[in-house]
Amino acid sequence: MNFKKLIATLLLCISLSACGPRGPKISVSPERLQHKGWVMMTGEGFTPSSNIESHLRRPDGTEFPVLPMRTDDKGGFTHEIDTLLLAPGTHELWVLDNATSATSNVAKFEVTLAPPDPSKP
């Protein structure tokens, strides 16, 4: 191996180890919808076949009661959220892995009273 390849390999190893291990991650779809719809939350990177806690914060900053759930044998899950009774505004979701105490990223979705405008991202 020549010197340049060795340096490039070392830098790659250092940058990968500095990032640390991948933690749990969630996502929602769609991110903007009318109040009469469903949001699909998916998660990955949690402890397999384990208990997790889903947190949902309202636009006013208050939180719904924690929703206990369980991951599949690969550490993933899916969950549908009915938006019919949710207040308009941006809601925030995150999930706690009870086995490791690791918390996912915060995913956001917006509930609107009017149908979403397709020209807005």
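This text goes with the structure placed above it.
These figures come from a predicted structure and were not determined experimentally.

## What to know about the overall build of the chain
Here comes step 1: The helix and strand tally for the chain stands at one helix and eight strands.
Here comes step 2: What you see in the chain, going N to C, is helices and strands ordered as α-β-β-β-β-β-β-β-β.
Here comes step 3: Buried residues in the chain amount to 29% of all 121 residues.
Here comes step 4: Across the chain, every contact between residues at least 6 apart in sequence was considered, and the portion connecting residues at least 24 apart equals 60%.
Here comes step 5: In the structure as shown, the chain presents an accessible area of about 8,000 Å², 60% of it carried by carbon and sulfur atoms.

## A short note on the sheet that holds strand S1 (residues 25-29)
Here comes step 1: The antiparallel open sheet is built from three strands, whose spatial order is S1-S3-S6. The open sheet has two edge strands, S1 and strand S6 (77-82), and neither has a second partner. Taken pair by pair, the neighbouring strands of this sheet meet at an average axis angle of 20 degrees, ignoring direction.

## Details of the nonpolar core
Note that soluble globular proteins tend to have their nonpolar side chains buried in a common cluster.
Here comes step 1: Counting 17 residues, the largest nonpolar core has Ile-26, Val-28, Met-41, Phe-77, Leu-93, Val-95 and Phe-109 as its most contacted members.
Here comes step 2: Elements that contribute at least two residues to this core include exactly S1, strand S3 (38-44), strand S4 (51-57), S6, strand S7 (89-97) and strand S8 (107-112).
Here comes step 3: Ranked by residue count, the leading element in this core is S8, at three residues.

## Let's talk about the pairing of S8
Here comes step 1: Bridge count for strand S2 (residues 32-34) against S8 is three bridges, and the pairing is parallel. Paired with Arg-32 across the strands is Glu-110, a residue of S8.
Here comes step 2: Inspection of the sheet shows S7 paired to S8 by five bridges, in the antiparallel sense. Residue His-91 lies in a different strand from S8, and its bridge partner there is Phe-109.

## Regarding the sheet that holds S8
Here comes step 1: If you walk across this open sheet you meet the five strands as S2-S8-S7-S4-S5, and the pairing is mixed. In the strand order of this sheet, the two ends are held by S2 and strand S5 (67-70), each with one partner. Each adjacent strand pair in this sheet contributes to an overall mean axis angle of 30 degrees, direction not counted.

## Things to note about the pattern of salt bridges
Here comes step 1: Following the criterion strictly, the structure yields three salt bridges and no others.
Here comes step 2: Among the ionic pairs, Arg-32 bridges to Glu-110, the shortest N-O distance being 3.0 Å. Here the residue Arg-32 occupies a position in strand S2, and Glu-110 occupies one in strand S8, the gap between them amounting to 78 residues.
Here comes step 3: Several salt bridges share partner residues, and in doing so they unite Arg-57, Glu-92 and Lys-108 into one network.

Cut-off values and rules
Residues numbered from 1 in each chain as written. Predicted model: local features only at pLDDT ≥ 70, side-chain atom pairs only at ≥ 80, totals over all residues. Heavy atoms only, no water. Helix = DSSP H or I, 4+ residues; strand = E, 2+ residues; numbered from the N terminus. Buried < 20%, exposed > 50% of the residue type's maximum accessible area, 1.4 Å probe, protein only. Contact = heavy atoms within 4.5 Å. Areas by Shrake-Rupley, 256 points an atom, 1.4 Å probe, with all protein chains shown as cover. Pairing = 2+ DSSP bridges. Axes fitted to C-alpha atoms, helices over the stretch in contact; angles between N-to-C directions. Core = buried A, V, L, I, M, F, W, Y, C linked by side-chain atoms within 4.5 Å. Salt bridge = Lys/Arg side-chain N within 4 Å of Asp/Glu carboxyl O.

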